[in-house]
Amino acid sequence: MRLAAKPSALALLFLCVALSFSCVCSAESKTKSELDQNQSQDLRPLDINTFHSLNRVGAPVISPDRKRALFATSYYSHDVNRPTTYLSLIDIASGNITQLTENKPGTVSSNPLWFDDDTFGFLRKGALHKQDLDPAASPNIVFSPPVPISNVAYRAGDELISFVASVYPNATLEESAALKRTEELRKDTAQVYDNLWARHWNEWMTLEKPNVFVAPLIRSEKTWKVGKEINLMSALPNMSDPLTRWSVDDYAISPLGDRVAFVVRAPNSNMAYSTKVDVYLASTQDYCRPRHLTARINGTASMPTFSSDGRRLAWLQMETPGYESDRNRVYLYTMATRESVAVAYDWDLSPQSLSWSKDDKVIYALTPNKGRNLIHSIEVGTGKRKELTTCGSAGGVRPIDEKSLLYVYSSENQSGDIHKLDTADCKPIRLTNVNKEKLENVFLSPAEDFWFGGAQGDRVHGWLLRPFGFDSRKSYPMALLIHGGPHQASTQCFSHAQWNPNMYAGAGFVTVVINFHGSSSYGQNFTDSIQHRWGDYPYVDLMRGIDYVTTKYKFVDKSRMVALGGSYGGYMVNWLNGHTDIFKCLVAHDGKFSTVSGFYGTDELWFPERDLGKPWEETGRAILEQNNPERFAANFNTPTLFVHGEKDFRIPITESLGAWMMLRRRDIPARLVYFPDEDHWINHGGNSIRWYTEVLDWITRWTNTTSPYAIR
């Protein structure tokens with residue numbers, strides 16, 4: 001059970017325009033007449049309001065009898081300016097869907113779980129509810145804790161619930177609530193820090209720490225209640241040290257409820273520059289000190305998952321200290337022997353999540369591969385691998401039985417839906433169509449693969465989307481979207497965040513994304529290649545990619561190109577501004593302007609230390625300056641829109657503020673869009689609407705482009 005400490009910017013959603021039994025991986029096979037959209041007068045573009053009204057489907061939660069599944073549907077409610085989430089039930093065999101909880105604007109019912117085949121649970125307003133499957137049934141509160149809880153699970157064998165709650169050291173839930181009230185009555189607001197990691201992501205560290213709890217669920221015919229909670233982490237060393245912080249990332253409870261595996265970053269003075277994250281195994285029976293499973297490995301562990309019989313535990317393990325983008329390897333721990341082994345150790349790809357088949361002979365690994373998030377099966381005994389999906393992006397993989405599974409599928413032109421996959425013939429069947437009405441007659445451009453020769457003579461991969469109303473006889477402006485990371489990738493998925501390529505194609509732009517050196521999903525050597533070379537190989541790849549695109553696709557107007565990027569993509573936008581003048585305008589979202597000041601202001605030091613260096617050391621300083629966009633500030637001449645959130649502690653707002661101030665002081669057109677309530681991402685629906693409005697208005701204005709719809 002992965003904790004949502006960092007909100008996901010790319011929500012996977014599913015098929016809207018594809019056939020139920022197949023998917024299209026590329027537009028390369030389409031004819032010229034099919035790609036020309038001037039004959040499709042009945043279609044409309046994906047506009048800002050339509051995009052922000054779309055439904056997002058959650059991962060399925062399969063019933064104990066394996067015949068049905070719960071799933072959440074979320075959307076932004078414009079009238080109340082808040083998200084709405086409701087739960088539904090799908091019959092896996094027939095595909096029939098029944099709405100179970102109210103769909104009231106601003107009401108959120110989340111964290112679906114099963115108590116038995118006839119009763120399900122969920123969280124709403126911080127309380128755990130139960131409800132019968134009858135659509136006419138009303139929910140009842142089972143547990144209303146004094147502090148917020150999350151990631152709730154239930155195991156019928158021991159009648160046990162597990163959950164995460166942030167509590168003060170050595171305090172119960174009730175005691176923590178009382179301490180919180182006392183804290184709010186203080187006459188001063190000072191927070192004092194002696195150790196690194198005073199703040200992380202979007203919050204300042206406090207004495208409250210996320211811990212894993214279990215508690216008995218006491219059920220009678222008339223009432224249900226939750227007994228006294230037990231903190232499974234209370235016996236860990238330094239647990240009561242108020243100056244350090246245990247940070248729980250993931251946890252999983254065994255099928256029988258007798259064990260819990262959790263992933264934590266142990267408190268230490270080096271937490272800001274160490275990537276050591278460990279797996280611990282705790283008993284829910286005797287509450288003794290948890291067993292440390294990764295003591296001899298100094299990399300990051302994640303995604304623990306128990307086998308169906310509870311006898312083994314799998315997790316993902318990085319082995320290189322200090323490197324957050326190392327390859328994930330699959331580790332297995334056997335309860336009886338207390339031994340760990342790696343499976344498919346020589347695999348050059350890096351899985352992102354794991355799930356066991358019902359017979360425990362196979363592990364399903366969700367694995368990025370050449371810009372697609374694919375499902376692979378790994379035989380536990382031999383390590384033999386098989387690719388089960390070939391296109392788009394999968395997520396939320398949930399095995400049904402030995403031969404089939406449920407998952408969430410999306411592509412660049414297909415919003416997300418739940419699918420069923422036969423693991424023998426690998427044929428997917430779509431079970432939901434959550435945006436059928438909202439995307440009716442909406443044009444979503446398919447992505448075309450292209451490959452070209454990049455830096456070091458390596459082949460580099462990209463995607464191109466043609467604009468709404470495309471006519472091959474005309475020319476169009478081009479938008480280059482630059483992904484963050486840099487050790488991420490632009491993937492063939494439907495994003496509900498700021499970088500959905502169809503939002504730019506819908507505004508009239510040929511949209512191009514390039515997975516430059518350093519990107520994930522193309523082998524570990526490709527990912528590792530840009531250490532000390534942030535401004536080198538990726539820049540070469542982007543420039544050569546633009547040359548390739550403008551040469552091959554004659555409909556691209558080279559005089560009307562723009563570039564946009566966030567995080568590392570924002571850094572690269574600043575780098576471009578100092579090294580080329582081929583763009584009419586630029587957009588930098590939460591981008592680094594100075595590698596030196598950026599080092600001193602960030603929260604996670606391991607990242608710049610490994611990729612670039614330490615600024616107080618001669619070698620590190622030289623590398624940082626070599627890759628420093630600010631060093632080329634005198635060359636900046638391109639009009640630039642900067643967007644930044646006040647709560648971004650990964651790349652503080654002073655980075656965008658400094659670059660914007662420099663351009664305005666030199667009388668170069670620039671604009672700063674400031675969000676006081678956002679972090680590294682734009683998380684709120686109303687702010688996302690404003691983000692797209694400002695960005696699309698900026699790039700259409702500077703390229704003299706008439707959008708197919710009114711942006712403002």
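Everything numeric here is computed off the predicted structure, so don't read it as measured data. (Residues numbered from 1 in each chain as written. Predicted model: local features only at pLDDT ≥ 70, side-chain atom pairs only at ≥ 80, totals over all residues. Heavy atoms only, no water.)

K.L.:
So what about the overall build of the chain? Which residues, and what values?
P.N.:
Looking only at helices and strands, the chain has 12 helices and 40 strands in total. Relative to its length of 712 residues, the chain is compact, with a C-alpha radius of gyration of 25 Å against a globular reference of 27 Å. Each of the three principal axes of the chain carries a C-alpha extent, and together these read 70 × 60 × 55 Å. Look at the contacts in the chain between residues 6 or more apart in sequence, and 61% of them connect residues 24 or more apart. (Helix = DSSP H or I, 4+ residues; strand = E, 2+ residues; numbered from the N terminus. Rg over C-alpha atoms; globule rule 2.2 N^0.38 Å. Contact = heavy atoms within 4.5 Å.)

K.L.:
Account for the nonpolar core, with residues named and values stated.
P.N.:
Of all hydrophobic cores here, the largest spans 60 residues; its most connected members are Met478, Leu480, Ile482, Val512, Met572 and Phe583. Residues contacting phenylalanine 583, with those up to four places away along its chain left out, are Leu480, Met543, Ile546, Met561, Val562, Ala563, Leu576 and Thr638. Residues Trp463, Phe509, Trp691 and Trp698 belong to the second largest nonpolar core, which totals 38 residues. (Core = buried A, V, L, I, M, F, W, Y, C linked by side-chain atoms within 4.5 Å. Buried < 20%, exposed > 50% of the residue type's maximum accessible area, 1.4 Å probe, protein only.)

K.L.:
Talk me through the packing of aromatic side chains; I want residue IDs and the actual numbers.
P.N.:
Throughout the structure, instances matching the rule amount to 36 aromatic pairs. Here the aromatic rings of phenylalanine 599 and tyrosine 600 are separated by 5.7 Å at their centres, their planes lie at 85°, and the arrangement is edge-to-face. Relative accessible area serves as the criterion here: at 2%, phenylalanine 599 is assigned to the buried category. Arranged with centres 5.8 Å apart and planes meeting at 55°, the rings of tryptophan 698 and tryptophan 702 form a pair that is tilted. You can see tryptophan 698 and its partner tryptophan 702 sitting in helix H12 (residues 685-702), 4 residues apart, about one turn around the helix. The exposure class assigned to tryptophan 698 is buried, which follows from its relative accessible area of 3%. Put simply, the rings of Phe516, Trp534, Tyr568, Tyr571, Trp575, Phe607 and Phe632 touch in pairs and so form one group of aromatic residues. One Lys or Arg, lysine 438, reaches over the ring of tyrosine 75 and ends 4.9 Å from the middle of that ring. Taking the ring centre of tyrosine 323 as reference, the NZ or CZ of arginine 610 above it sits at 3.6 Å. (Phe/Tyr/Trp six-rings, centres within 6.5 Å; stacked < 30°, edge-to-face > 60°. Lys NZ or Arg CZ within 6 Å of the ring centre and 35° of its normal.)

K.L.:
Before we move on, can you summarise the sheet that holds strand S22 (residues 312-317) with the specific residues and values?
P.N.:
With antiparallel pairing, the 4 strands of this open sheet are ordered in space as S21-S22-S23-S24. Only two strands of the sheet have a single neighbouring strand rather than two, namely strand S21 (301-306) and strand S24 (339-343). Averaged over all pairs of adjacent strands, the angle between strand axes in this sheet comes to 25°, irrespective of strand direction. Examined bridge by bridge, S21 and S22 share 4 bridges and lie antiparallel to one another. Counterpart to alanine 301 in the pairing with S22 is glutamine 317. (Pairing = 2+ DSSP bridges. Axes fitted to C-alpha atoms, helices over the stretch in contact; angles between N-to-C directions.)

K.L.:
Lay out the environment of proline 477 with the relevant residues and their values.
P.N.:
Examined against the element boundaries, proline 477 turns out to sit in strand S35 (residues 476-482). For the pair proline 477 and phenylalanine 675, spaced 198 residues apart in sequence, the C-alpha separation works out to 29 Å. If we ignore the near neighbours within four places in the chain, the residues touching proline 477 are Gly508, Phe509, Val510, Asp557, Arg560, Thr703 and Thr705.

K.L.:
How would you sum up the sheet that holds strand S9 (residues 140-143)? Please name residues and give values.
P.N.:
The strand order across the open sheet built from 4 strands is S6-S7-S8-S9, with neighbouring strands paired in antiparallel fashion. Where the open sheet ends on each side, the last strands, each with one partner, are strand S6 (110-116) and S9. Taken over all neighbouring pairs, the strand axes of this sheet differ in orientation by 35° on average, direction set aside.

K.L.:
An account of the pattern of salt bridges is requested, with residue identities and associated values reported.
P.N.:
Considering all chains together, one arrives at 24 salt bridges under this definition. The partner of arginine 650 in a salt bridge is glutamate 604, and the shortest N-O contact between them spans 3.1 Å. Of this pair, arginine 650 sits in the loop between strand S39 (640-645) and helix H11 (654-665) while glutamate 604 sits in the loop between helix H8 (595-601) and helix H9 (606-611), and the two are 46 residues apart along the sequence. On the basis of relative accessible area, arginine 650 is assigned to the buried category, the value being 14%. Look at glutamate 604 and you get buried, because its relative accessible area is 3%. Among the salt bridges present, the one from glutamate 694 reaches arginine 690, with a minimum N-O distance of 2.8 Å. Of this pair, glutamate 694 and arginine 690 both sit in helix H12, 4 residues apart, which is roughly one turn of the helix. (Salt bridge = Lys/Arg side-chain N within 4 Å of Asp/Glu carboxyl O.)

K.L.:
Please set out the packing of helix H6 (residues 537-552) against helix H7 (residues 568-577) residue by residue, giving values where relevant.
P.N.:
Running from N to C, H6 and H7 point in directions that differ by 75°, and their axes come no closer than 11 Å. By the criterion of interaxial angle, the relationship of H6 to H7 is roughly perpendicular. In contact with Pro538, Tyr539, Leu542 and Met543 of H6, H7 contributes Tyr568, Met572, Trp575 and Leu576. For the contact of H6 with H7, the residue count by class is 8 nonpolar, no polar and no charged. (Parallel < 35°, antiparallel > 145°, perpendicular 65-115°, else oblique. Nonpolar A, V, L, I, M, F, W, Y, C, P; charged D, E, K, R; others polar.)

K.L.:
Explain the pairing of strand S33 (residues 447-453) residue by residue, including any values.
P.N.:
Taking burial as the measure, the 7 residues of S33 include 5 buried ones, the bulk of the element. Connecting S33 to the antiparallel partner strand S34 (residues 459-465) that follows it, the hairpin turn spans 5 residues, and glutamine 456 within it adopts a positive phi of roughly 60°.

K.L.:
Please set out the side chain of threonine 595 residue by residue, giving values where relevant.
P.N.:
Within the fold, threonine 595 resides in helix H8. Not counting residues up to four positions away in its chain, the partners in contact with threonine 595 are Tyr571, Leu612, Leu624, Glu625, Asn627, Asn628 and Pro629.

K.L.:
Let's hear about the environment of leucine 439: which residues, and what values?
P.N.:
Assignment of secondary structure puts leucine 439 in the loop between strand S32 (428-430) and S33. A residue is classified by how much of its surface remains accessible, and leucine 439, at 5% relative accessible area, is buried.

K.L.:
Give a description of the side chain of arginine 327 that names residues and reports values.
P.N.:
By the element assignment, arginine 327 lies in the loop between S22 and strand S23 (329-334). Buried within the structure, arginine 327 lacks any salt-bridge partner; aspartate 348 is the closest side chain of opposite charge, at an N-O distance of 4.2 Å. Within polar-contact distance, the side chain of arginine 327 engages the backbone oxygen of tyrosine 345 at 3.4 Å. Engagement of the side chain of arginine 327 in a polar contact is seen with the backbone oxygen of tryptophan 347, the distance being 2.7 Å. Leaving out residues up to four positions away in the same chain, arginine 327 has contacts with Gln317, Met318, Tyr345, Asp346, Trp347, Asp348, Leu349, Ser350 and Gln524. (Lys, Arg positive; Asp, Glu negative; His and termini not counted. Polar contact = N/O pair within 3.5 Å; in protein donor to acceptor, adjacent residues only side chain to side chain.)

K.L.:
Talk me through unusual backbone geometry; I want residue IDs and the actual numbers.
P.N.:
Here glycine 485 and proline 486 are connected by a cis peptide whose omega angle stands at 5°. Turning to its location among the elements, proline 486 is positioned in the loop between S35 and helix H4 (501-505). The phi angle at arginine 66 is positive, at roughly 65°, despite the residue not being glycine. Along the chain, arginine 66 turns up in the loop between strand S2 (61-62) and strand S3 (68-77). Although it is not a glycine, asparagine 170 adopts a positive phi angle of roughly 60°. Structurally, the position occupied by asparagine 170 is in the loop between strand S11 (160-167) and helix H3 (173-184). Given the relative accessible area of 60%, asparagine 170 is considered exposed.

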